[in-house]
Amino acid sequence: MPHRTPLYDWHVAHGARMVDFAGWDMPVQYTGIVEEHQAVRTAVGIFDISHMGRLWLPGPNALPLVQKIYTNNAATLKEGQVRYGLICNEPGGILDDVLVYGWKDGMGMVVNASNREKIVRWIGKHQGAQPAPLMDTTHDSCMIAVQGPNAVACCQGLTSAAIDTLPYYFATHTIYRGKNCAVSRTGYTGEDGYEFIVSADQGAQLWEELAGRGARACGLGARDTLRLEAAMPLYGHELNEDIDPFQAGLAWAVKMNKGDFIGREALARGQEDPARPIRVGLELEGKRIAREGAAVLREGKPIGRVSSGTFAPTVGKAIAMAYVPKQSATPGTAVEVDVRGKPAPAHVVTLPFYQRKNR
Amino acid sequence: MDPKKLRYAKTHEWASLEGDLCTVGISQFAVDQLTDIVYIELPEIGDHTFIGDAFGEIESVKAVSDLYAPVNGEVVEINEKLLEDPTKVTKDPYAKGWMAKIKVEPGTTLDHLMTQEQYEKQIAAEGH
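From a predicted model like this one, the values you see are computed outputs, not experimental measurements.

**Side note on the overall build of chain B**
Then, number 1: Helix and strand counts for chain B stand at four helices and nine strands.
Then, number 2: Walking chain B from its N terminus toward its C terminus, one meets helices and strands in the order β-β-β-α-β-β-β-β-β-α-α-β-α.
Then, number 3: Taking 14 Å as the expected radius of gyration for a compact globule of 128 residues, we find that chain B reaches 14 Å, a close match to that expectation.
Then, number 4: In terms of its C-alpha atoms, chain B occupies a principal-axis envelope of roughly 40 × 35 × 25 Å.
Then, number 5: Here chain B holds 128 residues, and the buried ones make up 38% of them.
Then, number 6: Across chain B, the fraction of contacts at a sequence separation of at least 24, relative to all contacts at a separation of at least 6, is 60%.

**Here's the deal with the sheet that holds strand β1 (residues 7-8) of chain B**
Residues and elements named next belong to chain B.
Then, number 1: Strand order in the open sheet made by the six strands is β1-β2-β3-β9-β8-β5, with antiparallel pairing throughout. Two strands close off the open sheet at either side, each with one partner strand: β1 and β5 (48-49).
Then, number 2: Bridge count for β1 against strand β2 (residues 13-18) is two bridges, and the pairing is antiparallel. Bridging across to β2, Arg 7 finds its partner in Ala 15.

**Considering the domain arrangement of chain A**
Residue and element names in this part refer to chain A.
Then, number 1: Each assigned domain of chain A is listed with its residue range as follows: domain 1 (1-273) and domain 2 (274-349).
Then, number 2: For domain 1 versus domain 2, the distance between C-alpha centres works out to 28 Å.
Then, number 3: When contributions to the side of domain 1 that touches domain 2 are tallied by element, the ones reaching two or more residues are α2 (33-42) and α7 (220-229).
Then, number 4: Taken together, the residues that form the side of domain 1 that touches domain 2 break down as five nonpolar, seven polar and five charged.

**Concerning the packing of α2(A) against α7(A)**
Residue and element names in this part refer to chain A.
Then, number 1: Across the interface, α2 lies against α7 with an axial gap of 8 Å and an inter-helix angle of 60°. The orientation of α2 relative to α7 falls into the category oblique. Every pair of crossing elements has a handedness; the one defined by α2 and α7 is right-handed. In this structure, α2 contributes Ile 33, Glu 36, His 37 and Val 40 to the contact, and α7 contributes Gly 221, Ala 222, Thr 225 and Leu 226.
Then, number 2: Split by residue class, the contact of α2 with α7 holds four nonpolar, three polar and one charged.

**Overview of the nonpolar core**
Residues and elements named next belong to chain A.
Then, number 1: Ranked by size, the top nonpolar core spans 131 residues in total, and within it Ile 46, Ile 144, Val 146, Phe 196, Leu 282, Ala 290 and Val 337 carry the most contacts.
Then, number 2: When we break this core down by domain, the ones giving at least three residues each are domain 1 (1-273) and domain 2 (274-349).
Then, number 3: If we ignore the near neighbours within four places in the chain, the residues touching Phe 196 are Met 143, Ile 144, Val 146, Cys 181, Val 183 and Leu 206.

**Some remarks on helix α4 (residues 116-125) of chain A**
Since the α-helix packs 3.6 residues into each turn, any two residues three or four apart lie on the same face.
All names here are of chain A.
Then, number 1: Taken as a whole, α4 has its buried residues at Arg 116, Ile 119 and Ile 123. Projection of α4 onto a plane perpendicular to its axis shows the buried side chains occupying an angular sector of 70°, all on one side. Opposite its buried face, α4 presents the exposed residues Arg 121, Gly 124 and Lys 125, each directed more than 90 degrees away.
Then, number 2: Packing partners of the buried residues in α4 comprise β4 (53-58), α3 (62-69), β5 (82-88), β6 (94-103) and β7 (106-111).

**Let's talk about the interface of chain B and chain A**
Then, number 1: Counting residues at the interface gives seven residues for chain B and 11 residues for chain A.
Then, number 2: A per-class count over the side of chain B that touches chain A returns three nonpolar, one polar and three charged.

**A closer look at the confidence of the model for chain B**
Then, number 1: Looking at chain B as a whole, its pLDDT mean stands at 93, while 98% of the residues score no less than 70.
Then, number 2: In the predicted assembly, ipTM is 0.78 and pTM is 0.92.

What counts and what doesn't
Residues numbered from 1 in each chain as written. Chains lettered and ligands numbered in written order. Predicted model: local features only at pLDDT ≥ 70, side-chain atom pairs only at ≥ 80, totals over all residues. Helix = DSSP H or I, 4+ residues; strand = E, 2+ residues; numbered from the N terminus. Rg over C-alpha atoms; globule rule 2.2 N^0.38 Å. Buried ≥ 20, exposed ≤ 12 C-beta atoms within 10 Å, placed from the backbone. Contact = placed C-beta atoms within 7 Å. Pairing = 2+ DSSP bridges. Domains from an automatic or database assignment. Nonpolar A, V, L, I, M, F, W, Y, C, P; charged D, E, K, R; others polar. Axes fitted to C-alpha atoms, helices over the stretch in contact; angles between N-to-C directions. Parallel < 35°, antiparallel > 145°, perpendicular 65-115°, else oblique. Left-handed = near helix turned anticlockwise from the far one by under 90°. Core = buried A, V, L, I, M, F, W, Y, C linked by C-beta atoms within 7 Å. Arc of directions from axis to C-beta. pLDDT = per-residue confidence, 0-100.

Printed below as a string of structure tokens:
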């Protein structure tokens, strides 16, 4: 039986097409992926992201534990700062990509729904002599993303603290209708906006209030086209246990000099290996979509695979991310993607495919 | 085309027969299921079609679906406008969204396809 978020009834009542995603019943679309995508790029959309894992590690032992398993530097986080990083295994393969929140009284972590149990077990396995408590607050909370150029205006006065001045990749604790909530200036769309974490029993109210203010309900379909245009990796596609952060183009999220962490040694050794395929962007010449798993060919020979692909509504083209060897990764390189048995011409492009103005 | 007078395949194509010319498209239901159609591949003029075999493709953002031929015959005309603008299917699946015209053997009927009433029962039964 898949899990249901606090907003499940609303999604179904509003005609959402539901799908099982990582063991959760989630809305893929309401009216249409392209429409919902455009709403986020031009106005404001809301996403139910309650399926994502929300972990809380209170106390002073949280930091050393996080430092041990996380590739980025959690020790330099200011109060309320949020930072993206990877959790790797000993060979340097990616177990998950996560956001770490630095608070005065402990550390928060948001992990992929598909990896929640894996990461909880991993954290448990790597507790030191002074263990940090670990609370999985996923089922007690509701998480809603508000994304788009009108997100800030849409959220005016919603919480007791003003959040319009919240800097990018910072979070704050505030009050929503009498209860604690956390808001971060983060997102997975390439637009400005927030992610709200409220208690589960307030989720529906917050969602309806945002919808009442003009925010458009958007599903996982639009979430995927938006993040792909912004070239953001998705675990299970661009990231998995056989790919390391450098191949994925995420060297900026790895601080080799912050101290030791699991996978550090392997990453230091592997960095020089030119044979390992690296992530690139592809733009297809025609309209056929290159989908995950499609072979990428150069002069008729298979050289790699597509990790994600779609028709990009804002860019107006079929785009994809793929892994190819370094020598085929130069922007402009002509390749072909095997789309259902027929070669579709494409070329390598720089990432991202889309970038919002005034950041 | 009047949807009431058309015949339907299980796979959501519609067909209309006039003399030995069968016009084919997809139903409103299929269009609603697909939503964002980005690409349509139609057969070439002269291609032979076989009942139940794929003779084209329709691609939406989420997935690609095959188009299945509802009759045996030879493709004599295709709606090239759809190749430039697949949204014509979304907007008007029974008229401007027609896909192909197939020349059939004399004596061919559409009896193997469902009436509108039967088709609507089928989609209701599928729980949509």
